[in-house]
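What follows is each chain in one-letter form.
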Amino acid sequence: MLEAFYATERGSLEDATINGGFDLHPELVWVDLIAPSQDEQEWVLEAYEQTLPTLKSLEDISSSARFYRDDDGILHISTYFLTKNKNYQVEDDAEESSNMLATVQTVAFILHKDRLFTLRGEKLVAFRAFRARARRNDYDIDYKDPTWVLLGLLEAKLDELADILEDIHKDLESYSTEVLNVRHREQILDLDDMITRLAQKEDMIGKAQLCLIDLRRVLTFLSRPRALGSHIYDADIRELSEDVRSLVEHDAFLFQKVRFLLDTTSGFINSEQNDTIRRFSILPSMLAPPMLVASVYGMNTDVLPFAQGTTSFIVVITILIAFFIGPLIYFRWKKWI
């Protein structure tokens, strides 16, 4: 898919209809490619003489491959975007990609003097949010400068990460109530299921941290004097950097909260297992005296007291029941069973 946008007179962005390479005119300031076909890549090459990287090549994590200017002065940036998986499934036969609550996608930015190219494998919420914001142009930004499009997309990425962390925080507060409420935990809560849910949240927090650290690296690169070629963007870059720093701290807090809930839930599981083992260990101690008496009276001898006669049988049975009921009452009084 290929989408393109041009800047209006008041500086906002509007969609351009693209039916072929002939529609890629010089006035377009942003060309967005989503898993582009070979034909779409050729349209871009013919219209703007711009070669696009492959989606596989975007996975290189070294800084020299993710943030650099080429010999023609074109800025290349590859960064991670975190997005929730709306097709999340829990069935065992589901596809691997559907078993993740959130996925990390790599997006390439290629910044010319006159336009911005973006390349990604899937549709992302942050891009849709930025397009809606750029159409309204609430902040009166002149998107004729493609650098503002780049910074706007990075800001939309940061806003989405903030929303995801906020949702995780709300979920963890709910989980805390479930785990720490004694009646709910003992009567309703499935502790094994809670461990799974907490592990999934920890996975999302880790991916959010990866995206935040990557964004911090991007902003550090853009803050260099020669990266964007102008100081008019410095204030916005500093503001984004401060927001990233605060979110990194919030992410660390959420990680500690998840670890606390995981340790607490694991402790309750161990406590339940210990109670079960204790009950099983009490049973042999309750049965040991009756079994001893039964073993003694089961010997082939006539010298034992109460060994013969109907009355003797009743006496022995009474002794056996007393030996069994006595420990039962004691352990019940101790609340061990």
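Everything quoted here is computed from the prediction, not taken from an experiment.

(A) Structural view of the environment of L24. Of note, L24 is situated in the loop between β2 (13-16) and β3 (28-34). Assessed through its relative accessible area of 6%, L24 is described here as buried. Sequence separation of L24 and E3 is 21 residues, and the distance between their C-alpha atoms is 9.9 Å. With residues near it in sequence (within four places) discarded, L24 still touches L2, I18, W43, V44, A47 and Y48.

(B) Spatial organisation of helix α3 (residues 125-136). Its twelve residues give α3 an end-to-end C-alpha distance of 17 Å, which sits within 8% of 16 Å, the value for a rise of 1.5 Å per residue. Every buried residue of α3 is listed here: A126, F127, F130, R131, R133 and A134. Viewed along the axis of α3, the buried residues span an arc of 170°, placing them on a single side of the element.

(C) Representation of the sheet that holds strand β6 (residues 102-111) in the model. Sheet architecture is open: seven strands sit in the order β2-β1-β3-β7-β6-β5-β4, paired in mixed fashion. What marks the edges here is a single partner per strand, and that holds for β2 and β4 (67-69). With direction set aside, neighbouring strand axes in the sheet form an average angle of 25°. Here β6 runs beside strand β7 (residues 116-120); their pairing, made up of four bridges, is antiparallel. If you follow L111 over to β7, its bridge partner there is L116.

(D) Summary view of unusual backbone geometry. For A35, which is not a glycine, the phi torsion comes out positive at approximately 45°. By the secondary structure assignment, A35 is in the loop between β3 and α1 (38-48). Taking the relative accessible area as the measure of exposure, A35 reaches 40% and is therefore partly exposed. Phi is positive for E49, close to 55°, though the residue is something other than glycine. Note that E49 resides in the loop between α1 and α2 (63-66).

Each value, and the rule that gives it
- Residues numbered from 1 in each chain as written.
- Predicted model: local features only at pLDDT ≥ 70, side-chain atom pairs only at ≥ 80, totals over all residues.
- Heavy atoms only, no water.
- Helix = DSSP H or I, 4+ residues; strand = E, 2+ residues; numbered from the N terminus.
- Buried < 20%, exposed > 50% of the residue type's maximum accessible area, 1.4 Å probe, protein only.
- Contact = heavy atoms within 4.5 Å.
- Expected span 1.5 Å × (residues − 1).
- Arc of directions from axis to C-beta.
- Pairing = 2+ DSSP bridges.
- Axes fitted to C-alpha atoms, helices over the stretch in contact; angles between N-to-C directions.

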